[in-house]
Amino acid sequence: MIPDSRTRQRIASRFSRRGDRIYIHGKPATDPVYAAAARAIAGKRLPLLDIGCGLGLLGHYLHACDALDGYVGLDHDARKIAMGRVAAERAGLGGEIALCEGDAATPQALRGHVAMLDVLHYLPQERQGELLAFAVDHLADDGVLILRNVIRDGSWRYRATVWEEKFIKAVGWIPGGAQYFPTEDDIRGVLEPRGIRVDFRPLFGRTPYNSYLMTASRRA
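This report concerns the structure included in the present document. Just so it is clear, the model here is predicted, and its values are computed rather than measured.

## Remarks on unusual backbone geometry
The residue Asp-66 is not glycine, and still its phi comes out positive at about 55 degrees. Tracing the chain through its elements places Asp-66 in the loop between helix H4 (57–64) and strand S2 (68–75). Taking relative accessible area as the criterion, Asp-66 reaches 55% and is therefore assigned exposed. Its identity as a non-glycine residue notwithstanding, Asp-118 has a phi of 60 degrees, on the positive side. Mapped onto the elements of the fold, Asp-118 is located in the loop between strand S4 (113–117) and helix H6 (125–137).

## What to know about helix H8 (residues 184–191)
All of the buried residues in H8 are Ile-187, Arg-188, Val-190 and Leu-191. For H8, the arc enclosing every buried residue in end-on projection is 160 degrees, short of the 170-degree limit, so these residues lie on one face. Residues of H8 that are buried sit in contact with H6, strand S5 (144–150), strand S6 (197–202) and strand S7 (211–217).

## Topic: the sheet that holds S5
Read across the open sheet, the seven strands follow the order S3-S2-S1-S4-S5-S7-S6; overall the sheet is mixed. Taken across any chain shown, the strands that pair with only one partner, and hence form the sheet edges, are strand S3 (97–101) and S6. Averaged over all adjacent pairs, the angle separating strand axes in this sheet is 15 degrees, with direction ignored. Where S2 and S3 come together, five bridges link them in parallel fashion. Of the residues in S3, the one forming a bridge with Val-72 is Ala-98. Sheet contacts for helix H3 (residues 33–40): S4, S5, S6 and S7; angle to S5, the most-contacted strand, approximately 155 degrees. Sheet strands touched by helix H5 (residues 78–90): S2 and S3. Its angle to S3, the strand with the most contacts, is close to 160 degrees.

## Here we look at the nonpolar core
Of all hydrophobic cores here, the largest spans 36 residues; its most connected members are Leu-58, Leu-62, Tyr-71 and Ile-146. At the level of elements, helix H1 (5–12), H3, H4, S2, H5, S3, S4 and S5 are the ones that each hand at least two residues to this core. Sorting elements by how many residues they give to this core places H3 first, with six residues. Residues within four places of Leu-62 in sequence aside, it is in contact with Ala-37, Ala-38, Ile-41, Leu-48, Ala-67 and Leu-68. Counting residues in each nonpolar core, the second largest holds 28 residues, with Ile-51, Val-136, Ile-196 and Tyr-212 among its members.

## Quick word on the pairing of S2
Of all eight residues making up S2, seven are buried, and the element is well covered by its neighbours. Across five bridges, the pairing between strand S1 (residues 46–51) and S2 is parallel. Looking across to S2, one finds that Leu-46 is bridged to Leu-68. After leaving S1, the chain enters H4 and then returns to the sheet as S2, a path that is right-handed. For the handedness criterion, the β-α-β arrangement of S2, H5 and S3 is classed as right-handed.

Definitions and cut-offs
- Residues numbered from 1 in each chain as written.
- Predicted model: local features only at pLDDT ≥ 70, side-chain atom pairs only at ≥ 80, totals over all residues.
- Heavy atoms only, no water.
- Helix = DSSP H or I, 4+ residues; strand = E, 2+ residues; numbered from the N terminus.
- Buried < 20%, exposed > 50% of the residue type's maximum accessible area, 1.4 Å probe, protein only.
- Arc of directions from axis to C-beta.
- Contact = heavy atoms within 4.5 Å.
- Pairing = 2+ DSSP bridges.
- Axes fitted to C-alpha atoms, helices over the stretch in contact; angles between N-to-C directions.
- Core = buried A, V, L, I, M, F, W, Y, C linked by side-chain atoms within 4.5 Å.
- Right-handed = clockwise from strand over helix to strand, strands pointing away.

Structure below.
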């Protein structure tokens, strides 16, 4: 079940700040990655590790889809983690949605699905391989790795994304900004030698940005 407007409003009402509530109500309706993630794990009820989880919105969304057996979100932003914890407790989901402050590669006692949405390019190239390997270590035999990221391919969409990231860095929305945009081969080169089957497809949505959805698993 894909959450409707009333469900999205209920999720948004769990958060304290008005700006966050407006963002959270609209984000799943306009960003195709949430529905894509739900479809990718449909019929495979496992816990999910969300690397770079922010407020934990993906956990609330997938819980509303009745798609998970638990959710652990990991993020270095203490403020977002604190706000997300309050929202989960307010919803009575403190036992279902666990948010942890820490480095993106902090080991977790979880084997299931793994999600990384718009995370890789904020790390230097050498750390990207480490993080992908970390994700594989937390992937169950029948789990799905869900990765959404900008891919470096020289297209006009890629160039538009680079300019957008420069703007984000200039205004201080994300300190440090983008470090390295991976190519498809960069990602395959880490995952395929580990026995992971990888599928890429565009996920542009209604944006000019060069976002791709990658789903990967141990089994065909």
